[in-house]
Amino acid sequence: MLTRRKLLKAGAATGFAMTTPGLCTPALARGARIKLGYVSPQSGPLAAFAESDAYNIATFLATHAGQEFEVITRDSQSNPDRAAAVTRELIARDEVNLIVVASTPETTNPVATTCEAEGIPCISTKAPWQPWFIGQQGNPGAPESWRPFDFAFHYFWGLEDVIAVFLNMWNQIDTNRQVGGLFPNDADGNAWGNPSTGVAPGFATQGYTVSDPGRFQNLTDDFSAQINAFRAANCEIVTGVVIPPDFTTFRNQSLQQGFTPKVITVAKAILFPQAVEVLGEAGHNLSSEVWWSPAHPFTSSLTGQSAADLAMAFSEQYARPWTQPIGFVHSLLEVAANVMGRASNIENPEEVAAAIAATDMDTIVGRVAWNGEGVPPFAAQNVCKTPLVGGQWRRQDNGRFDLVIVDNQTAPDIPAGGVMESLV
């Protein structure tokens, strides 16, 4: 198959700039700016992850580094097939030099897989590294077959980190250590719910037992089976990795059916203030992972803003609360600017990939360096880890919610603002 990478290499070998309609016209030969493709779920059930995209991109383009770039955005529509299709479009039609992508394996994986197949550099974030790396392998169930990627790189935390954070929060509450698991039939749910490599074995090390009633389809409208299973197992804790609409349905139906656990700690679903605000009082003291907040002690390499400054600037411009993705989308653009500033030839995908691999920088979400630190050898080439803490939503008198960091044992430099409280 003739990929854009092969075409560019052929041009370099002959010393000529190659132009093939619909495939590639070297941007630098036309005097154009660096072309950056950005894919995210700007619509659909995962749209909250992309709420700050426009703000972050406008801020980036206004910086000195950003003025060297053209950013071409594409909406995955929260659909993996669509994510792959728009990535092929960015590569073949828009001739981008680098693709960045964010927000759950449903978007990051098809984009990274397409880039790897086409030989185009890709940087992704906002998905636990196991669903990202293992989920793209030809045989996820056969570790001996797993292979590193040449062009796809990822930074975020992993299941081992969320296990530690969740346990640290739960250990603050007196419970019977019976846990109900909400794991959908998607990349995240299958990774988290895997009985061998998911979260259950990690929870078991501290005496927590997970009751898993099986996979359910996203956007389901009836969680009675899960609620009944959790009640039968006397679960005082509920956890999982759920899209926002599904958690709203689950929480409301649980209350209607009289199921009231002491702790509900779910990933993905309640990262956003609007997701808990719709629940009203039922959102009070729900808990989740916290990957970024105004309390994080990090600074932007692009603007010099602190995390608190960035969050406040967003809130002032849009009259909306800050959200966690603000920091990570901003960091993607930080890393892109840093990488392309170091690449000796931005038209050569191998050289851009080498620049990504050599990255070692401080960003608004912390240090980003693909040096293998804290990552198993099989993923060390492609995965960089970022810090994770735990938080709990507290409802204020005006009905708004504040996210309070209640556990920072895994990242003590990120200050805690309170302690864990029971739902009942």
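Quick caveat: nothing in here was measured; it's all calculated off a predicted structure.

### Digging into the pairing of strand β5 (residues 152-155)
Here β5 shows no split at all, with A152 and H154 on one side and F153 and Y155 on the other all buried. Pairing of strand β4 (residues 122-125) with β5, which is carried by 4 bridges, proceeds in the parallel orientation. Counterpart to C122 in the pairing with β5 is A152. Taken together, the 2 bridges between β5 and strand β13 (residues 383-384) define a ladder with parallel strand orientation. Bridging across to β13, H154 finds its partner in V383.

### Overview of unusual backbone geometry
Peptide bonds are mostly trans, and most non-glycine residues show a negative phi. At T104, a position not held by glycine, the phi torsion is positive, near 70°. Structurally, T104 can be placed in the loop between β3 (98-102) and α4 (105-118). Overall, T104 belongs to the buried group, its relative accessible area being 2%. Phi at A319 is positive, roughly 55°, even though this residue is not glycine. Note that A319 resides in the loop between α12 (307-318) and α13 (325-342). For A319, a relative accessible area of 68% corresponds to the exposed category.

### Regarding the nonpolar core
Among the nonpolar cores identified, the biggest contains 77 residues, and I123, Y155, W170 and W192 are the most heavily contacted of them. It is α13 that provides the largest number of residues to this core, a total of 10 residues. With residues up to four places along the chain from it excluded, the contact list for W192 reads P128, W157, L159, V162, F166, F183, G198, V199, G240, V241 and A267. Within the second largest apolar cluster, 28 residues are counted, among which are C235, V266, A282 and A411.

### Points about the confidence of the model for the protein chain
Predicted confidence across the protein chain gives a mean pLDDT of 92, with 92% of residues reaching 70 or more. Low pLDDT, under 50, characterises residues 10-30; the stretch is placed with 34 contacts to residues that sit more than four places away or in other chains.

### As for the pattern of salt bridges
According to the stated counting rule, one finds 16 salt bridges in the structure shown. Of the charged contacts in the structure, one is a salt bridge between E89 and R93, with a shortest N-O distance of 3.5 Å. The exposure class of R93 is exposed, given its relative accessible area of 53%. The salt bridge partner of D188 is K268, with a shortest N-O separation of 3.0 Å.

### Thoughts on the packing of helix α2 (residues 53-62) against α13
Contact geometry of α2 with α13 gives a least axis separation of 9 Å together with a crossing angle of 35°. As for the relative orientation of α2 and α13, their crossing is right-handed in sense. Residues D53, N56, I57 and F60 of α2 form the contact with α13, whose own contacting residues are P325, I326, V329, H330, L333 and A337. Tallied by class, residues from the contact of α2 with α13 come to 7 nonpolar, 2 polar and 1 charged.

### Quick notes on empty space enclosed by the protein
Applying the stated criterion across every chain, the model contains 2 cavities of 30 Å³ or more. One number sums up the size of the largest cavity: a volume of about 100 Å³. The wall of the largest cavity is formed by 15 residues, among which K126, P128, D188, K268 and E289 lie closest to the centre. A per-class count over the lining of the largest cavity returns 10 nonpolar, 1 polar and 4 charged.

### What about the sheet that holds β4?
Within the open sheet, the 6 strands sit side by side as β2-β1-β3-β4-β5-β13. Their pairing is parallel. The outermost strands of the open sheet, each flanked by one partner alone, are β2 (69-75) and β13. Of the pairings in the sheet, the one linking strand β1 (residues 34-40) to β3 comprises 4 bridges and is parallel in character. Residue G37 lies in a different strand from β3, and its bridge partner there is I99. In the packing of α13 onto the sheet, the strands contacted are β1, β2, β3, β4 and β5, and the crossing angle to β3 comes to about 165°. Contacting β3, β4 and β5, helix α14 (residues 349-357) crosses the sheet at an angle of about 25° to β5.

### Examining helix α6 (residues 159-170)
Side chains of residues three or four places apart in an α-helix project in the same direction, reflecting 3.6 residues per turn. A rise of 1.5 Å per residue sets the reference length of α6, with its 12 residues, at 16 Å; its end C-alpha atoms lie 16 Å apart and thus fit the reference within 8%. Of all 12 residues in α6, 10 are buried, a share of seventy percent or more.

### Focus: the environment of V199
Position of V199 relative to the elements: it lies in helix α8 (residues 199-204). Along the chain, V199 and T249 lie 50 residues apart, while their C-alpha atoms are 23 Å from each other. Those residues in contact with V199 that lie beyond four places of it in its chain are V162, I163, F183 and W192.

### Description of the packing of aromatic side chains
Evaluated as defined, the whole model comprises 29 aromatic pairs. Aromatic pair Y155 and W370: ring centres 6.2 Å apart, planes at 85°, arrangement edge-to-face. On the criterion of sequence distance, the pair formed by Y155 in strand β5 and W370 in the loop between β12 (366-369) and β13 is long-range, its members being 215 residues apart. For Y155, a relative accessible area of 0% puts it in the buried group. For W370, a relative accessible area of 7% corresponds to the buried category. By the ring-pair criterion, three or more aromatic residues cluster together here, those being F49, F153, Y155, F156, W157, F272, W291, F328 and W370.

### So, the state of the cysteines
Within this structure, the stated rule accounts for 0 disulfides. We note that C122 lacks a disulfide partner, and the nearest cysteine sulfur, in C115, lies 4.1 Å from it. Classification of C122 by relative accessible area gives buried; the value is 0%.

The rules behind these values
- Residues numbered from 1 in each chain as written.
- Predicted model: local features only at pLDDT ≥ 70, side-chain atom pairs only at ≥ 80, totals over all residues.
- Heavy atoms only, no water.
- Buried < 20%, exposed > 50% of the residue type's maximum accessible area, 1.4 Å probe, protein only.
- Helix = DSSP H or I, 4+ residues; strand = E, 2+ residues; numbered from the N terminus.
- Pairing = 2+ DSSP bridges.
- Core = buried A, V, L, I, M, F, W, Y, C linked by side-chain atoms within 4.5 Å.
- Contact = heavy atoms within 4.5 Å.
- pLDDT = per-residue confidence, 0-100.
- Salt bridge = Lys/Arg side-chain N within 4 Å of Asp/Glu carboxyl O.
- Axes fitted to C-alpha atoms, helices over the stretch in contact; angles between N-to-C directions.
- Left-handed = near helix turned anticlockwise from the far one by under 90°.
- Nonpolar A, V, L, I, M, F, W, Y, C, P; charged D, E, K, R; others polar.
- 1 Å grid on protein atoms, 1.4 Å probe; cavity = no way out; pocket = protein on both sides within 12 Å on 5 of 7 lines; lining within 4 Å.
- Points joined across faces, edges and corners; volume = space filled by probe spheres on them.
- Expected span 1.5 Å × (residues − 1).
- Phe/Tyr/Trp six-rings, centres within 6.5 Å; stacked < 30°, edge-to-face > 60°.
- Disulfide = S-S within 2.5 Å.

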